[in-house]
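One-letter residues, chain by chain:
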Amino acid sequence: MKRIIFVNRYFAPDHSATSQLLGDLAFHLAERGRDVSIITSRQRYDQPHAALPAAETIAGVRVHRVAATRFGRSRLFGRSLDYLSFWAAVGRAARTVAQPGDILVAKTDPPMLCVAARRAARRQGLILVNWLQDLYPEVGARLGVPLLGGPLGDRLMRLRDTALREAAANIAVSNRMAWRIRARGVAADRIHVIPNWCDDETIRPLPSHDNPLRREWGLEDRFVVGYSGNLGRAHEFETVVAAAELLRHAPRIVFLFIGDGRIDELRQRVGERGLEAQFRFAPYQDRDTLRHSLTLPDVHWLSLVPEVEGLIFPSKLYGIAAAGRPFIAVAAPDGEIAELTRQYGCGIVVEPDDASGFAAVLTRLSHDPAALVEMGDRARRMLDADFTRDHAFRRWGAVFDSLG
């Protein structure tokens, strides 16, 4: 079997979503006898100045951490320098770590990593696989990142497309992402759809009255609307804040935010509207606590701005489904999230800016526990049918087997 080398800016013990997904797959492959290595940075997602060991072995996976700049995510210029220095370091590390015939799997952090990986693969005779969590630069352009909507963005897309066309395999996390890649001229037989996953064996449905975290946080008698994970620029929250304002007369309904990202912006908006009594904020929970934090809400909300449909897919949906909870999706009514929601009957879709619609849904659900249970049960059945971690691992195994 060929050696497998993954490249991503973050890896265990970092707790970011991309790190956890990569760790799950890498450790699974190593456990089954594959020779697996990781090229990553010495940083943590939320600690740019962390100094993790340059080399170590974790659960049978060899980890090679490269030195790169550490300006962090707060400013665009510094973040860009971090990206550039990591791209350069990946090329140097690949010359040390990889051998001709190895499989090189590039994720999408930092953006355009596939371009650096293509150069390394061509130079050293490696088999390139791109694991696409998003499509860049389109995401940046749609979200208003300076310059990406013009000639620079077009140039970056051409470089990215070349890397995808030359790869032996491209892994898209959703069907619409795969469609977009095909539309860019990538051969269909080099595209595989493998959705992301969660720890669905540990995260199981749990009745609210049996949840110790709900009691600990004093939420036993409240109707909890939860959000769990990163709140990024692709995720809209104004609709939820406006809905909360319409629900001032319903003190039983509380909005719980667990995670990070644009949390300061959300707090500011909540404060400006005097909604502090209706919102609770908590930091990321350890992975072994997710089985309680994800089952704490009565209903979850997630969002995706319509501009990035098919460019990103919110994998937090799988954790919600594993917990057997329904969700309200603030998303395009003709998007992929809406399509899944209608197909499985596991949630409700509200269009962005429809605050009154969101508030009406919450009012109805807060008085209809049977509907919540039915939708939650359907969410878990959806996951078990096609989106478990085991499903994903078997699909990944088939891709690697086809490459040798």
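Residues numbered from 1 in each chain as written. Predicted model: local features only at pLDDT ≥ 70, side-chain atom pairs only at ≥ 80, totals over all residues. Heavy atoms only, no water.

### Some points on the overall build of the protein
- When helices and strands are counted, the protein shows 15 helices and 14 strands.
- Since a compact globule built from 404 residues should have a radius of gyration of about 22 Å, the 21 Å found for the protein is in line with a globular shape.
- Seen through its C-alpha atoms, the protein measures out along the principal axes to roughly 65 × 45 × 40 Å.
- Within the protein, the proportion of its 404 residues that are buried is 58%. (Helix = DSSP H or I, 4+ residues; strand = E, 2+ residues; numbered from the N terminus. Rg over C-alpha atoms; globule rule 2.2 N^0.38 Å. Buried < 20%, exposed > 50% of the residue type's maximum accessible area, 1.4 Å probe, protein only.)

### Observations regarding the environment of Asp 200
- Within the secondary structure, Asp 200 sits in the loop between β8 (191–193) and α7 (212–216).
- On the accessibility criterion, Asp 200 (8% relative accessible area) is buried.
- Spatially, the C-alpha atoms of Asp 200 and Arg 291 are 9.2 Å apart, while their sequence positions differ by 91 residues.
- If near-sequence neighbours (up to four positions away) are discounted, Asp 200 is found in contact with Ala 322, Arg 380, Leu 383, Thr 388 and Arg 389. (Contact = heavy atoms within 4.5 Å.)

### Description of the nonpolar core
- Core analysis: the largest hydrophobic core is formed by 67 residues, its most contacted members being Phe 6, Val 105, Trp 131, Ile 181, Ile 337 and Trp 396.
- Here Ile 181 is in contact with Leu 132, Leu 135, Leu 164, Ala 172, Val 186 and Ile 191, once residues within four sequence places are set aside.
- Counting residues in each nonpolar core, the second largest holds 33 residues, with Tyr 227, Phe 237, Val 299 and Val 361 among its members. (Core = buried A, V, L, I, M, F, W, Y, C linked by side-chain atoms within 4.5 Å.)

### A look at the pairing of strand β3 (residues 55–58)
- Relative to strand β4 (residues 61–66), β3 runs antiparallel, the two sharing 4 bridges. Looking at β4, one finds that Ala 55 is bridged to His 64.
- Between the end of β3 and the start of β4, which pair antiparallel, lie 2 residues, with Ala 59 showing a positive phi angle near 50°. (Pairing = 2+ DSSP bridges.)

### Focus: unusual backbone geometry
- The omega angle of the peptide bond from Ala 12 to Pro 13 is 10°, so this bond is cis rather than trans.
- The topology assignment puts Pro 13 in the loop between β1 (4–7) and α1 (17–31).
- Looking along the chain, the bond that leaves Tyr 136 and enters Pro 137 is cis, with omega of 20°.
- Position of Pro 137 among the secondary structure elements: in the loop between β6 (127–132) and α4 (138–142).
- Of note in the backbone geometry, Met 112 takes a positive phi value of approximately 70° without being a glycine.
- With respect to the helices and strands, Met 112 occurs in the loop between β5 (103–106) and α3 (113–124).
- Under the relative-accessibility criterion, Met 112 is labelled buried at 9%.
- With a phi close to 80°, Leu 147 is a non-glycine residue in the positive phi region.
- Relative to the helices and strands, Leu 147 is located in the loop between α4 and α5 (151–166).
- Judged by its relative accessible area of 65%, Leu 147 is exposed.

### Considerations on the sheet that holds strand β14 (residues 347–350)
- Read across the sheet, 6 strands follow the order β11-β10-β9-β12-β13-β14 without closing on themselves; strand pairing throughout is parallel. The sheet is open, and its two edges are formed by β11 (279–282) and β14, each paired on a single side. Neighbour-to-neighbour, the strand axes of the sheet open up by a mean angle of 25°, direction not taken into account.
- In the sheet, strand β9 (residues 223–231) pairs with strand β10 (residues 253–261) via 9 bridges, with the strands oriented parallel. Among the inter-strand pairings, Tyr 227 is bridged to a residue of β10, identified as Phe 257. (Axes fitted to C-alpha atoms, helices over the stretch in contact; angles between N-to-C directions.)

### Some thoughts on a positive patch on the surface
- On the surface, Arg 92, Arg 95, Arg 119, Arg 123, Arg 155 and Arg 158 cluster together into a positively charged patch.
- Structurally, Arg 155 can be placed in helix α5.
- A relative accessible area of 45% means that Arg 155 is categorised as partly exposed. (Patch = residues over 30% accessible without salt bridge, like charges linked within 9 Å, V, L, I, M, F, W, Y side chains within 5 Å. Areas by Shrake-Rupley, 256 points an atom, 1.4 Å probe, with all protein chains shown as cover. Salt bridge = Lys/Arg side-chain N within 4 Å of Asp/Glu carboxyl O. Lys, Arg positive; Asp, Glu negative; His and termini not counted. Charge placed at Lys NZ, Arg CZ, Asp CG, Glu CD.)

### Re a negative patch on the surface
- Where like charges cluster on the molecular surface, the negative patch consists of Asp 334, Glu 351, Asp 353 and Asp 354.
- Its place among the elements puts Asp 353 in the loop between β14 and α13 (355–365).
- Judged by its relative accessible area of 67%, Asp 353 falls in the exposed class.

### Some remarks on the sheet that holds strand β7 (residues 169–172)
- Spatial ordering of the open sheet is given by β3-β4-β2-β1-β5-β6-β7-β8, a layout of 8 strands whose pairing is mixed. Each edge of the open sheet is held by one strand with a lone partner, namely β3 and β8. Neighbouring strand axes in the sheet, compared pairwise and without regard to direction, differ in orientation by 20° on average.
- Here β7 runs beside β8; their pairing, made up of 3 bridges, is parallel. Looking at β8, one finds that Ile 171 is bridged to His 192.
- Where helix α6 (residues 175–183) meets the sheet, its contacts fall on β6, β7 and β8, and the angle it forms with β8 comes to roughly 170°.

### Brief notes about α3
- Over its 12 residues, α3 runs 17 Å from end to end, which matches the ideal 16 Å to within 8%, given 1.5 Å per residue.
- Of all 12 residues in α3, 9 are buried; the element is thus mostly enclosed.
- Those residues of α3 that fall on the buried side of the exposure criterion are Leu 113, Cys 114, Val 115, Ala 116, Ala 117, Arg 118, Ala 120, Ala 121 and Gln 124. (Expected span 1.5 Å × (residues − 1).)

### Observations concerning the side chain of Ser 16
- Position of Ser 16 relative to the elements: it lies in the loop between β1 and α1.
- Setting aside residues up to four positions removed in sequence, Ser 16 forms contacts with Tyr 10 and Tyr 45.

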